[in-house]
Amino acid sequence: QVQLVESGGGLVRPGASLRLSCAASGRTISGLPMGWFRQIPGNEREFVAAINWSGSLIKYERAVQGRFFISRDDSKNALYLDMNNLQSEDTAVYYCASASVFSLSAGLYESWGQGTQVTVSS
């Protein structure tokens, strides 16, 4: 089974940008749909973005559409989330995940990283 490790989170001010990275090991992520989710304590894990195996199909949560961009580099066994114009409501733990079928539902994802904290504060 694939192991996933997120990195790139941190504390930034509103309007800043961050790139989150997800490094996969144990098996290739080539052919797997991948996604980013986020979670605030006390809340359910929320869909952020998903990308199919080829990168030809990409979906975003409405709140991040136009600001966040998901991409993958299968040669590096990596997934990325570029986040722009960050706002306080983007503060959360961000998780990358893999699935067997393309989905916007956290329940259909099978492997998860440990999460990386993103805090947006002035």
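Residue numbers here run from 1 along each chain, matching the order of that chain's written sequence. The model is predicted, so local features are restricted to residues of pLDDT at least 70 and side-chain atom pairs to those at 80 or more, both for listing and for counting; the totals for chains, interfaces and linings are taken over all residues. Side-chain figures throughout are based on the complete set of non-hydrogen atoms in the structure, without hydrogens or water.

Turning to the overall build of the protein, a few remarks are in order. Starting at the N terminus, helices and strands are each numbered in turn, a helix being any DSSP run of H or I of at least four residues and a strand any DSSP run of E of at least two. Across its full length, the protein carries zero helices and eleven strands. We compute the radius of gyration over the C-alpha atoms and compare it with the globule rule, which gives 2.2 Å times the number of residues raised to the power 0.38. For the protein, the C-alpha radius of gyration of 13 Å lies close to 14 Å, the compact-globule estimate for 122 residues. Projected onto the principal axes, the alpha-carbon positions of the protein cover approximately 40 × 25 × 25 Å. By the burial criterion, 43% of the 122 residues in the protein qualify as buried. Nonlocal contacts in the protein, meaning residues at least 24 apart in sequence, comprise 58% of its contacts between residues at least 6 apart. Computed with the Shrake-Rupley method and a 1.4 Å probe, the accessible areas treat only the protein chains shown as cover for residues. On the protein, roughly 6000 Å² of surface is accessible, and the fraction owed to carbon and sulfur atoms is 50%. For the charge count, each Lys or Arg is scored as positive and each Asp or Glu as negative, with His and the chain ends excluded. Charge positions are represented by NZ for Lys, CZ for Arg, CG for Asp and CD for Glu. In the protein, the 10 positive side-chain charges and the 10 negative ones have mean positions that sit 3 Å from each other. We call a residue buried when its accessible area falls under 20% of the maximum for its residue type, exposed when it is over 50%, and partly exposed in between, using a 1.4 Å probe and counting protein chains only. Any two residues whose heavy atoms approach within 4.5 Å are treated as being in contact.

Here aspartate 90 shows up in the loop between strand E8 (78–83) and strand E9 (92–99). Classification of aspartate 90 as buried rests on a relative accessible area of 0%. Among the polar contacts made by the side chain of aspartate 90, one reaches the side chain of arginine 67 at a distance of 2.8 Å. Sequence-distant contacts of aspartate 90, defined by excluding residues within four places in its chain, comprise Arg38, Val64, Arg67, Phe68, Asn85, Val118 and Val120. Distance and chemistry together define a polar contact, namely a pair of N or O atoms within 3.5 Å, with one atom able to donate a hydrogen and the other to accept it when in protein, and with adjacent residues in sequence counting only for side-chain atoms on both sides.

To continue, consider the nonpolar core. Here, the term nonpolar core denotes a set of buried Ala, Val, Leu, Ile, Met, Phe, Trp, Tyr and Cys residues that are joined through side-chain atoms within 4.5 Å. The biggest cluster of nonpolar side chains holds 27 residues, and the ones touching the most others in it are Trp36, Leu81, Met83 and Tyr94. Among the elements of the structure, strand E3 (18–25), strand E4 (34–39), strand E5 (46–51), strand E7 (68–73), E8, E9 and strand E11 (116–120) are those that each provide at least two residues to this core. Membership of the second largest hydrophobic core comes to six residues, among which are Phe47, Ala97, Ala99 and Tyr109.

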